[in-house]
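Notes for the structure review
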Amino acid sequence: MNLVTNSPAERTDVLRGAVRDVRVQLSVLNHHVAARAGVKDADFDCLDLISIHGPLSPGALSKLAELHPATLTGILDRLESGGWIARERDPQDRRAVVVRVLPDRNAEVFALYAGMNSRFDEICADFSADELDVIAGFLERVRAAGAAAAADLRGADSEGASQRSV
């Protein structure tokens, strides 16, 4: 990918296409990992969110995953019966429940990503610390832009729903 000779608009288009290609390829990888682990794609996404942000309440997970609580209950039931997560009383509020990833099964997922993780390490080794900082900053800004665009769509969806119900 050569971004030096392109105009600013062409460089942006190349990067937009590259980010889209990465999203698709990582989605394909995640699908294969989930299939190998015997987990549905949506369940695997929730498992990853619990791994990243957990332990957390089902309500917090529902918001992070943007899933209806009833849908999330089915996902948590499947993950718990598969030995992926545990539901436990919240130590801060014994009336509440939190979900956490079980370490043995988490190690299984980590092993399925071993090929990608080693390739990722090799890629990062080719860049200086300053270059990696720029890349990390770029990716964080792309993530934030995606979150903002999703929020815009949520707002438009809510607005459309309220206009239809009038």
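None of these values were measured; they are calculated from a predicted model.

**What to know about the overall build of the chain**
When helices and strands are counted, the chain shows seven helices and two strands. Reading the secondary structure of the chain in the N-to-C direction produces α-α-α-α-β-β-α-α-α. Rg of the C-alpha trace for the chain: 20 Å, well past the compact-globule value of 15 Å for 166 residues, more than 25% over. By the burial criterion, 18% of the 166 residues in the chain qualify as buried.

**A look at the pattern of salt bridges**
Side-chain pairs of opposite charge can arise whenever the charged atoms involved come near each other. Summed over all chains, the structure comprises nine salt bridges. The shortest N-O distance in the salt bridge between Arg 78 and Asp 43 comes to 2.7 Å. Residue Arg 78 is located in helix α4 (residues 69–81), and its partner Asp 43 is located in helix α2 (residues 41–53); the two are separated by 35 residues in the primary sequence. Judged by relative accessible area, Arg 78 falls into the partly exposed class, the value being 37%.

**Looking at the pairing of strand β1 (residues 85–90)**
In terms of strand pairing, β1 meets strand β2 (residues 93–101) through six bridges, oriented antiparallel. Residue pairing in the sheet places Glu 88 in a bridge with Val 98 of β2.

**A look at the packing of α2 against α4**
Where α2 contacts α4, the two axes come as close as 10 Å, and the packing angle between them is 80°. It follows from the interaxial angle that α2 and α4 lie roughly perpendicular. For the pair α2 and α4, contact is made by Ala 42, Asp 43, Cys 46, Leu 47 and Ile 50 and by Leu 72, Ile 75, Leu 76, Arg 78 and Leu 79, respectively. Here the contact of α2 with α4 is composed, by residue class, of eight nonpolar, no polar and two charged.

**As for the confidence of the model for the chain**
Per-residue pLDDT for the chain averages 91, and the proportion of residues at 70 or more is 92%. Mean pLDDT across the elements of the chain bottoms out in helix α7 (residues 129–164) (87) and peaks in helix α6 (residues 114–125) (98).

**Concerning the layout of surface pockets**
Its boundaries defined by the atoms lining it, the largest pocket holds a volume of some 2,400 Å³. Surrounding the largest pocket, 45 residues form its lining, Val 22, Arg 23, Leu 26, Leu 139 and Arg 143 being those nearest its centre. In terms of residue count, the dominant contributor to the lining of the largest pocket is α7 (13 residues). Residue composition of the lining of the largest pocket, grouped by class: 29 nonpolar, eight polar and eight charged.

The rules behind these values
- Residue positions are given per chain, counting from 1 as you read along its sequence in written order.
- Predicted model: local features are reported for residues with pLDDT of at least 70 only, side-chain atom pairs are reported and counted for 80 or more only, and whole-chain, interface and lining totals are derived from all residues.
- As a rule here, side-chain values cover all heavy atoms of the structure and leave hydrogens and water aside.
- Only runs of H or I of at least four residues qualify as helices and only runs of E of at least two qualify as strands under DSSP, and these elements are numbered from the N terminus.
- Radius of gyration means the value over C-alpha atoms here, while the globule rule gives 2.2 Å times the residue count to the 0.38 power.
- Only protein chains enter the accessibility calculation, which uses a 1.4 Å probe. A residue is then buried if its area is under 20% of the maximum for its type, exposed if over 50%, and partly exposed in between.
- The term salt bridge refers to a pairing of a side-chain nitrogen on Lys or Arg with a carboxyl oxygen on Asp or Glu at a separation within 4 Å.
- Whether two strands pair comes down to DSSP finding at least two bridges between them.
- Every angle, taken between N-to-C directions, lies between 0 and 180 degrees, and every axis is a line fitted to C-alpha atoms, over only the stretch in contact when it is a helix.
- Roughly parallel covers angles under 35 degrees, roughly antiparallel covers those over 145, roughly perpendicular covers 65 to 115, and oblique covers all other angles.
- Contacts are residue-level and defined by heavy atoms, with any inter-residue pair within 4.5 Å sufficient.
- Only Asp, Glu, Lys and Arg are considered charged in this grouping, and only Ala, Val, Leu, Ile, Met, Phe, Trp, Tyr, Cys and Pro are considered nonpolar; every other residue, Gly among them, is considered polar.
- Values of pLDDT, which run from 0 to 100, indicate the predictor's confidence residue by residue.
- Here the term cavity refers to a set of points on a 1 Å grid, laid over the protein atoms alone, in which a 1.4 Å probe fits but cannot get out; the term pocket refers to an open set having protein on both sides within 12 Å along at least five of seven lines, with lining residues being those that place an atom within 4 Å of a point.
- Grid points are joined across faces, edges and corners, and a volume is the space filled by probe spheres set on the points.

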